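Architecture at a glance
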Amino acid sequence: MSSPVDATSNPGQAATPSPPAVPTRRNTELLMLAFAAILVTIANVLVEANQEQELSTQLLYNGAAFLALFGIAHLAVRKWAPYADPLILPFAALLNGVGLIAIYRIDLADAAADPDHGYLVNRQIGWMVISVVLFVLILAFVKDHRLLARFGYTCGFVGLIALALPGFLPASMSSAGGAKIWIRIGGAGIQPGEFAKILLMIFFASFLVSKRDLFTVAGRRFLGMDFPRMRDMAPMLLAWAASVGVLVFERDLGTSLLFFGLVLVMIYVATERVSWVVIGLSLFAIGCVIAYPLFNHLRVRVLNWMDPLGRLDATDGDSFQLVQSLFGLGTGGIFGTGLGSGRPTLIPAAETDFIISAIGEEIGFVGVAAVLLLYLLLVMRGLRTALAVRDSFGKLLASGLAFIIGLQVFIVVGGATRLIPSTGITAPFLSYGGSSLLANYILVALLLLISHAARKPQPPSKPRPQQAPLAEAHTEMVARPT
Amino acid sequence: MNTPIRRVALTVMLLIVALMVNLTYIQVIWSDELRAHPRNSRTLNEELARQRGDIIVGNEAVATVEETGDNLYPYERVYPDGPVYAPITGYYSPIGRTGLERAEDPVLNGSDDRLFVRRLSDLITGRDARGGMVELTIDRRMQETAYQMMTDRGLTGAVVALEPSTGRILSLVSTPTFDPNELSTLDSEARAAATEELEADENRPLHNRAISETQPPGSTFKLLVAAAALDNGYSNDSEVNAAPSVQLPGSSVSLPNYNNNPCGNGQRATLLQAMEESCNVPFGEIAGELGPEVLQEQAEALGFSDPDLEIPLSVASSELGEMADSAAVYQSGIGQRDVRVTPLQNAMMVATIANEGSRMEPHVVSRILTPELDLLDEINPDEAEQAFSPQVAQDLTEMMIASEQHTGGEGQIPGVTIASKTGTAQWGVDPSETNPHAWYVAFAPAEDPQVAVAVLVEAGGDIGAGATGGRVAAPIGRAVLGAGLGGG
């Protein structure tokens, strides 16, 4: 396990006559995808029926786009990662489909209020097309996730630059909604942070794997806990501090929280030492206490979190958005108002950060719980991949990829439902937004590659000559050295 | 590395569980409060998007909806005969509601339990949810007659008519009134302007004078005193004090008859004559003799002192006031001092006499219907109390017939015997400065009562101190009775 390169995965071995029969389960995947498509289409019909009272061609377009795109993605998996986990892609597809429905539904409401309002869902489908192309390219060209380990430092470097870039751009090109996280040229814009997330994850995984032996051997005991030597961790901590610092500077609280948690977990998985989590959380607590009086936007969010209903008219940044989200969820109740029958557009940013509230209003607690379980299952399949894969880099990367989905869901849904102070990040696959969607499809492609490596049948080891146990071995005459 | 990965899995599970627990709290436990929060426009929007039920009189709607073609607010509430029915319907606007729009809101907006099955079938069949219909007991002709009589003469006051045998409210008018269409419009600026104007109007058109305001009943109250007297040994032939005035016990103030006239021939008079001529002296004395407890008991039997009366509009409680000394009892006996009644209460009193002493619960809603006009609920006549014996009722009727014959004014209905009592009630801080209120309570036909009515004209219609119930209020009451009896 400590060796990053596994000698048994030589492609030439595939030709050997009798590989053990491991089912690829690609047909399971296809079936699940078809199921997801049916669910999405039914939901789409419900939205249309409740909103328009008639079925439009947009319905066919949405359905066809969904089927075609995931059909292509499925074929790519069939070709380049045939042994990959059959559930990961359908989970992502279903979440993406639910997101499409929600965005389309919000579009209809916006279009009803303002006929000039464009359909965001068509742009989202456009982003899906690009995402799936990228997804296919990654499967086709990366083939083996261990290749990525070689580019660890490069990834880290590029990731940091991408993360920091918006901070140096003029506000007109980088700022939106209080956070400075965009690179916008002309009409199009991307959030480089979404991609930096994955690049830095690759860096952290490769770095931690290469230094892994040092953590477990060198170190000292203090207060009953084992602490690795600081100098072993320095580059890593530096990159971490830089990314969190940059994000705080760019006022992107959600993403900085995301990075913080991600790195903590990756270090914990690599070192197997709880001490790092304890240190990390202590530092986090100290950081919060220091930051609270310094950052006004942070303070406003905490105040709104503590008393949302009382701060509806607060002049220093009211709780309107959070309260609308709570009103929507509360009005929806257990079973929701029905798809297309709620008023999700009352929540500002309903199609991005607060999409879960828009969904929760119309399909109720039952529906949101189902969406959350989908996320949980997706994370669990990712972590299962981490357990199953044999190389340490794969284990670490898969853990990071899976965990970041779970953490991101916790931060965004927790923020929209007043479990934690709200911070602006997107819900993976659900929210409207090109960068987020692209990054998450890259993430899924990587998970599928790792999972393919994990489940691919081991080529039979070369039959060793039958040897008698040592004790029964006969003695041999050895030529006397001359 | 597998142990930490398992623990990470457990952590993610806990995070998701925390989200679900929190969502359960919001969507299951907290949801009622969030839904009902005044700043939650969803609930109201949902209601505005639904087709609100009609309020029906006869076969026509007095409150209905018009389609706007707008997506967010597809319906606007309209009132075809707005001002005529405004005291009953109230108004319905995105920011508030009064009258039956408020009292029957659950039916009209469709959330009432009686509409549950209907809602369920709407849900299944995908029909647009609609509210239920409310049918009124109001008689269109009587309501319009009463409204015309009051407004044509520019009078401030109220008219209430009842069906004595059932308590059905046949007409309920309060003037000056308002046009609910102005307040139900979706044009928020026009609505705000209309609200401001109506609230600033010193004639208070938004006040419902028929049920929400009490006034001194004046001589109409003598019917109540007479009922108590008849129940306590008096008869129509009992001799009463015929003197033009009497000194109030324990004071130097005297209680005179109208214009200081003697009662009857000035030597002796009967109770019947005292009622016919509306002499104050005998009724002051009888009240003093019966005492405050007996009067209060009789008043409560007729519906006084009931703060919970609803028709289902909530009705102001009529009160006798405190009668601390004999002087106060004397003055209360002629419907002055602190006695205050609503026009509805006065109508209930004569309806009880007309119904042989049995007081029926007054109500203005007759039936609750589905949007397709199928019956959901029917409000049946309900006896509230036997206020006095049929014999007392008959004696009172006799007095009222005599009173009606004694009363002048226009509007007598040929061939119909009316039983009535007028009242001219002083009010205000200095009664010599304000014109008295004019009352007229009556029922007809006297031998088989179909309609009972109470008319109040505030400040006698400002025709001066000479205004009396007979001159100002009686013609209106008679016209309403006539409309009710089909004579016109």
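So, here's what we can say about the structure. (Residues numbered from 1 in each chain as written. Chains lettered and ligands numbered in written order. Predicted model: local features only at pLDDT ≥ 70, side-chain atom pairs only at ≥ 80, totals over all residues. Heavy atoms only, no water.)

**A word on the overall build of chain A**
Along its length, chain A carries 17 helices and six strands. Expressed as a percentage of the 482 residues in chain A, the buried residues total 54%. Across chain A, every contact between residues at least 6 apart in sequence was considered, and the portion connecting residues at least 24 apart equals 73%. Just so you have it, chain A exposes about 21,300 Å², and 67% of that area is on carbon and sulfur atoms. (Helix = DSSP H or I, 4+ residues; strand = E, 2+ residues; numbered from the N terminus. Buried < 20%, exposed > 50% of the residue type's maximum accessible area, 1.4 Å probe, protein only. Contact = heavy atoms within 4.5 Å. Areas by Shrake-Rupley, 256 points an atom, 1.4 Å probe, with all protein chains shown as cover.)

**Things to note about unusual backbone geometry**
Among all residues save glycine, negative phi is the norm, and among peptide bonds the norm is trans. Here the amide bond leading from Thr175 of chain B into Pro176 of chain B is cis, since omega sits at -5°, within 30 degrees of zero. Residue Pro445 of chain B is reached from Ala444 of chain B by a cis peptide bond, and omega for that bond is -15°. If you trace the backbone, Pro445 of chain B turns up in the loop between β18 (437-444) and β19 (451-457). We note that Ala349 of chain A has phi near 60°; this positive angle belongs to a residue other than glycine. Positionally, Ala349 of chain A belongs in the loop between α14 (320-332) and α15 (355-388). Here Arg418 of chain A, not a glycine, exhibits a phi torsion of approximately 65°, which is positive. Following the sequence through the fold, Arg418 of chain A ends up in the loop between α16 (392-416) and α17 (434-455).

**Quick word on the state of the cysteines**
Residues and elements named next belong to chain B. Summed over the entire model, instances satisfying the criterion amount to one disulfide over all chains. Bridging Cys263 to Cys279, the disulfide has an S-S length of 1.8 Å. Taking the torsion about the sulfur-sulfur bond, which here is approximately 85°, the covalent link between Cys263 and Cys279 counts as right-handed. Residue Cys263 is located in the loop between β11 (254-256) and β12 (269-270), and its partner Cys279 is located in the loop between α12 (271-276) and α13 (280-301); the two are separated by 16 residues in the primary sequence. Overall, the relative accessible area of 0% leaves Cys263 in the buried class. Here Cys279 falls in the buried class, since its relative accessible area comes to 3%. (Disulfide = S-S within 2.5 Å.)

**Here we look at the packing of aromatic side chains**
Describing an aromatic ring pair means giving the distance of the ring centres and the angle of the ring planes. Across all of its chains, the model carries 13 aromatic pairs over all chains by this definition. Residues Tyr153 of chain A and Phe203 of chain A carry aromatic rings whose centres are separated by 5.4 Å and whose planes lie at 65° to one another, so their mutual orientation is edge-to-face. Of this pair, Tyr153 of chain A sits in helix α6 (residues 152-168) while Phe203 of chain A sits in helix α8 (residues 192-210), placing them 50 residues apart in sequence. Ring centres of Tyr91 of chain B and Phe178 of chain B lie 6.2 Å apart, and the angle between their planes is 85°; this geometry places the pair in the edge-to-face category. In this pair, Tyr91 of chain B sits in the loop between α4 (82-89) and β4 (92-93) while Phe178 of chain B sits in the loop between β8 (169-175) and α9 (180-184), placing the two residues 87 residues apart along the sequence. Relative accessible area serves as the criterion here: at 7%, Phe178 of chain B is assigned to the buried category. Clustering of aromatic rings is evident, with ring pairs tying together Phe66, Phe70, Phe135, Phe429 and Tyr441 of chain A. (Phe/Tyr/Trp six-rings, centres within 6.5 Å; stacked < 30°, edge-to-face > 60°.)

**Details of the side chain of Gln215 of chain B**
All names here are of chain B. Along the polypeptide, Gln215 turns up in the loop between α10 (188-200) and α11 (222-231). You can call Gln215 buried: its relative accessible area is 12%. Side-chain polar atoms of Gln215 contact the side chain of His437, separated by 3.0 Å. Contact partners of Gln215, with chain neighbours within four places excluded, come to Val339, Arg340, Val341, His437, Trp439, Leu456 and Glu458. (Polar contact = N/O pair within 3.5 Å; in protein donor to acceptor, adjacent residues only side chain to side chain.)

**Here we look at the packing of helix α8 (residues 140-152) of chain B against helix α17 (residues 469-484) of chain B**
All names here are of chain B. Two elements in contact, α8 and α17, have axes separated by 8 Å at closest approach and are oriented at 160°. With respect to each other, α8 and α17 are oriented roughly antiparallel. As α8 runs across α17, the sense of the crossing is right-handed. Between α8, through Arg141, Met142, Thr145, Ala146, Met149 and Met150, and α17, the contact on the second element is made entirely by Pro475, Ile476, Ala479, Val480, Ala483 and Gly484. (Axes fitted to C-alpha atoms, helices over the stretch in contact; angles between N-to-C directions. Parallel < 35°, antiparallel > 145°, perpendicular 65-115°, else oblique. Left-handed = near helix turned anticlockwise from the far one by under 90°.)

Honestly, it's all geometry; don't read function into it.
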